[in-house]
Every structure is written in C-alpha cells, then in structure tokens.
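Residue-level structural notes
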Amino acid sequence: MNAKRPILQRKSVTVLMKSICVIGSLNLDIVAAVERFPQPGETLTADGYSVFFGGKGGNQAIALGRLGARVKMAGKVGDDIHGHDYIRHLRMNGVDVSGISVEKGAATGTAMIWVDRQGENQIVVSAGANGLLQPSDIDAMWEELVHSDIFLFQLEIPIGTVAYAVKRLKQAGKTIVLDPAPASLLPDAIFRYIDYMTPNETEIRYYAGRQERYVYQLKEAAGSLLRKGVGTIVAKAGEEGAYWIREAEMTHIEAFPVQAVDTTGAGDSFNAGFAYALASGLDVEDAVRIGNAVGALSVRQVGAQSAMPTREELERFLETHQRGVTL
C-alpha cells in the first residue's frame, strides 16, 4: 500500500492529506484562435493554432499535480507518439501514471478547440482510446485504485464504465466527485453513489430536465438531483462564481475577478481545486472558494494545462484577494 502524503499545515492544525484518483479522458488538444465562431458552411482563417495535452481527466490530474496533491490518473491512451508523450508529461507534473494503459491499434483521443476574441470556446472531440475504457479495466486495476480516497470522474469515457466504477468505489467507502461533462444521459441508479456533482448552468438544467436560469430556480433544479440521491450539488456559474446546494441550503460563493483570455479547462481547474481542498481537510464552502480561485487563475492565458496554477501561485492569489481561506 502507498504511504500517505506528508502532512499539510492549515490554520495551525495538522491535517493529513487524502489521496486523489482521476478516472477519465486523455486527449491531444488542437486550439485555434479565431475572431468569432464560424457559421454553418462558413470557412474562417484562424489567427494561429497551438497543440496541448488535454482531456477533462488529464486536465484535472495535471491541475492536481501542479497543486501538489498526491494524485493518480487512470485511463487509456493510444499506442502512438501522442499517447507515450502524454504519459511522460503527466509523470513530469507529479501524477502517478500506474493506472494508464496503452491501447494497441488505437489513436489517442483528440479535441479540436476554437477560442474567440472574448475567450469563449467551442470544442469537438474524437474519443479514440478513451472510448475503449471498460468495466473490466476497472476490475484489472482495482488493487491500484482502492488505495486512493477521493475519485474524480467526467463523461468523456463510456458511461457504463463510469457507472460501474462509481458504484463499486462508493461501496468501498470512497468519496465520489462527478463532473457531468459533457452532458450525457445517465442511469438514475448512479446518482445515489455521488457525493459531489459539479455541473455548470447548462448541465444542471439538462440533468434536472428544466430550462430555468435564475437563482431561485437553480435551487429547484438542483433539488431534483438531490432527490435522486446526490449528496451535494456544486453548481459552477462562470463569472458569478458557484453555488453549493444541499437539502434546503443553498450558498453562493463569489467568483474572483480576472481578465479571461481562454476559458478552456476552467471547469477542470475548478474541479481540481475543489477536490484538492477536500483532500486538505477543508469544508465544502471553503473547497468551493478554492475551486473558484484555481478556475480563475487558469483562464488568464491560452491553453488549459499550461495555465493551471501551482500551490504557491494559488496561495499568493488568495492572499492578494483576502478571501479568508488558508491552505
């Protein structure tokens, strides 16, 4: 069994950090800068493009590694140069890669991303090896997985695999965080195994089957997910920050004001910050604040993983903004 991570000092209290495992996608991101998004049938000339490592799973793992968490990544890459390079990249950023397998004959997943002048993005994904992660793979790596405490999931791997892993890990006493993106149909049985669900505004309306946008209606929409068994809803609201909702209680946590350059990966950064704070022993409210801070730091330059902050950058940012959260 792996040893626990060295202790972290928080508010003069000694806290033993929990370990985190991300189960999800690993993609190559091709990012093109455009003045605006194209209309159907229209061809635009990009201002340029860059290539990054991405995928919601890989993004969250890298963000956690940069923050200094003890984090393991579980997923699949193709047997190509991109897949092998990605494994080295994760390792260099402090991520345990023992849960990653190389799929013979498959390509590493690829995402094509357009970013406009306002920093908004549109994304098209080819799953590649990500689509081949099966429940049998979860069984095969179980002895590696079971040593982690907190598990992060997204929906860029097969839904059946997510449902199987979430149920088995929750029954083993683990904490489950689901980022339900991209929004996809989920079996109702999965919700009772989720401790924290972190949808954005579009996703919470999708899963609740409602179209309301206003805050009081957000609480109603979240209520339908809570009744299905989710422990806590953490609703990401972009420039408005985030809301955490549990039973009759809804709390708004303000965003940190920054100039957005590229919002790609902001939600992944939020989830990493949130999980990192939970692993550090913070309560849900402060964990949402940390998520907001990590998300804000990540949008200030182009690229997802390259913009993700280190723990030192996060601490300086929190001190500057005086939000009363101490790691």
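We now turn to the structure provided with this report. (Residues numbered from 1 in each chain as written. Predicted model: local features only at pLDDT ≥ 70, side-chain atom pairs only at ≥ 80, totals over all residues. Heavy atoms only, no water.)

The next thing to look at is the pattern of salt bridges. Counted under the stated rule, the structure contains 15 salt bridges. Across the salt bridge formed by lysine 72 and glutamate 144, the nearest N and O atoms sit 3.0 Å from each other. With a gap of 72 residues between them, lysine 72 in strand β6 (residues 71-78) and glutamate 144 in helix α4 (residues 142-145) connect regions that are remote in the sequence. Since its relative accessible area comes to 33%, glutamate 144 is described here as partly exposed. In this structure, arginine 289 engages glutamate 285 in a salt bridge whose closest nitrogen and oxygen atoms are separated by 3.0 Å. Here glutamate 285 and arginine 289 lie together in helix α9 (residues 284-298), a separation of four residues that amounts to about one turn. A network of salt bridges, in which partner residues are shared, links Lys72, Asp96 and Glu144. (Salt bridge = Lys/Arg side-chain N within 4 Å of Asp/Glu carboxyl O. Helix = DSSP H or I, 4+ residues; strand = E, 2+ residues; numbered from the N terminus. Buried < 20%, exposed > 50% of the residue type's maximum accessible area, 1.4 Å probe, protein only.)

Where nonpolar side chains cluster on the molecular surface, the patch consists of Ile30, Tyr49, Val51, Met112, Trp114 and Val124 and spans about 540 Å² of accessible area. When residues of the nonpolar patch are traced back to their parent elements, those giving at least two are β5 (48-54) and β8 (109-115). Tracing the chain through its elements places tyrosine 49 in strand β5. (Patch = residues over 30% accessible without salt bridge, like charges linked within 9 Å, V, L, I, M, F, W, Y side chains within 5 Å. Areas by Shrake-Rupley, 256 points an atom, 1.4 Å probe, with all protein chains shown as cover.)

Pairs of aromatic rings are described using the distance from one ring centre to the other and the angle between the two planes. Under the defined criterion, the tally for this structure stands at five aromatic pairs. Considering the side-chain rings of phenylalanine 53 and tyrosine 86, the 4.7 Å spacing of their centres and the 40° angle between planes classify their relative orientation as tilted. With phenylalanine 53 in strand β5 and tyrosine 86 in helix α2 (residues 81-92), the pair connects residues that are 33 residues apart, well separated along the chain. Its relative accessible area of 1% is what places tyrosine 86 among the buried residues. We note arginine 168 situated over the ring of tryptophan 142; from NZ or CZ to the ring centre the distance is 3.8 Å. (Phe/Tyr/Trp six-rings, centres within 6.5 Å; stacked < 30°, edge-to-face > 60°. Lys NZ or Arg CZ within 6 Å of the ring centre and 35° of its normal.)

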